[in-house]
Amino acid sequence: MQQLSHPTLCLVTDRLRCNGRRIEDIVDAAVEGGVGMVQLREKDLPASDLYSLALRIRKVVGKRALLFINDRVDIALAVGADGVQLGENALPLEAARQVSGSSLLLGRSVHSVVGALEAEANGADMLTLGTIFPTASHPGAYTGGSPLVQEVAAAVSVPFLGIGGIDASNAANVIAGGAAGAAVITAITMAPDPAVAASTLLEKMRTASVPTPLEAR
C-alpha cells in the first residue's frame, strides 16, 4: 500500500515552461526539495515520445516520489508508474480500473462538488480539484478559491489536491481548507531554483497541515 505524506506537494510537468532547462533536471531538483508526487503531463507529445520521456522521468524519480502519468493508462503501466491522472473527459474510472487492476492509483480531475462526489463513487483513489486561484495556464477559467476547497472537503472522504494558481503566498490556505496537498506547475518549473521553490512551498503547506499520513490503495 502506497503512503503519501501529509501534505503532499505535486509537480505537474510542462517542459515548455522551464526557462530552457530540461524537464528531467527540474523534476530531479523538485523531488530533492520535497515534491512527493510528479504528474507527467505533456499533452502535445505523441505516444512514442511520451513513453520515452516517461521512462526517463521514472528513472529520475526512482523511489523518492510517486509518478503519475496524465490520461495514458497504457504508458503508466508500461513504465511502472504509480498512478494515472484522468481528466474528466478521459477514460472512465471503471474502465481504467478494469485495465490496470490494482497496479495503479487512479486520480481524477474535478471542478465541482458534484464532480468530486461522482469520482469518489466511481472508485477514484484521489482527486485533483481546480481551478482554485487564477492561473496563466487556464486564463479566464472559473476559480473557486478557498470556499470550493472547503465544500469538497466537507463532501468527500477521498484525498484531493488543489491545483490552479497555487504558490507560496496561498498554499497554506489550500491545506487549511481541507485539501490533502497542492499541485503546481510554474511555481516550481519557472523558479530560478526548483529545489528551493519546492522546499518553500512545502514548508508553507506544513504550517496548516494536520500531521496524519494519508494512505492510498
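Residues numbered from 1 in each chain as written. Predicted model: local features only at pLDDT ≥ 70, side-chain atom pairs only at ≥ 80, totals over all residues. Heavy atoms only, no water.

K.L.:
Looking at this model, I keep getting lost on the pairing of strand S5 (residues 83–86). Mind explaining?
P.N.:
If a strand is regular, its side chains alternate between the two faces of the sheet. Side chains Gly83 and Gln85 of S5 all project onto a buried face; the interleaved residues Val84 and Leu86 project onto the opposite face, where all are buried too. Sheet topology note: the strand S4 (residues 66–70)/S5 ladder contains three bridges and is parallel. The partner of Asn70 across the bridge, within S5, is Gln85. For the crossover that starts at S4, traverses helix H3 (residues 73–78) and ends in the parallel S5, the hand is right-handed. As paired elements, S5 and strand S6 (residues 105–110) share four bridges and run parallel to each other. Residue Gly83 lies in a different strand from S6, and its bridge partner there is Leu105. Tracing the backbone out of S5, into helix H4 (residues 93–100) and back to the parallel element S6 gives a crossover that is right-handed. (Buried < 20%, exposed > 50% of the residue type's maximum accessible area, 1.4 Å probe, protein only. Helix = DSSP H or I, 4+ residues; strand = E, 2+ residues; numbered from the N terminus. Pairing = 2+ DSSP bridges. Right-handed = clockwise from strand over helix to strand, strands pointing away.)

K.L.:
Looking at this structure, how should I read the sheet that holds S6?
P.N.:
Spatial strand order, S2-S3-S4-S5-S6-S7-S8-S9: eight strands in a closed barrel with parallel pairing. Looking at each pair of strands side by side, their axes are set apart by 25° on average, direction ignored. With four bridges joining them, strand S2 (residues 8–12) and strand S9 (residues 181–184) adopt parallel strand pairing. For Leu11, the partnering residue across the bridge sits in S9 and is Val184. Here helix H9 (residues 194–206) sits on the sheet and contacts S2 and S9; the angle it forms with S2, its principal contact strand, is near 145°. (Axes fitted to C-alpha atoms, helices over the stretch in contact; angles between N-to-C directions. Contact = heavy atoms within 4.5 Å.)

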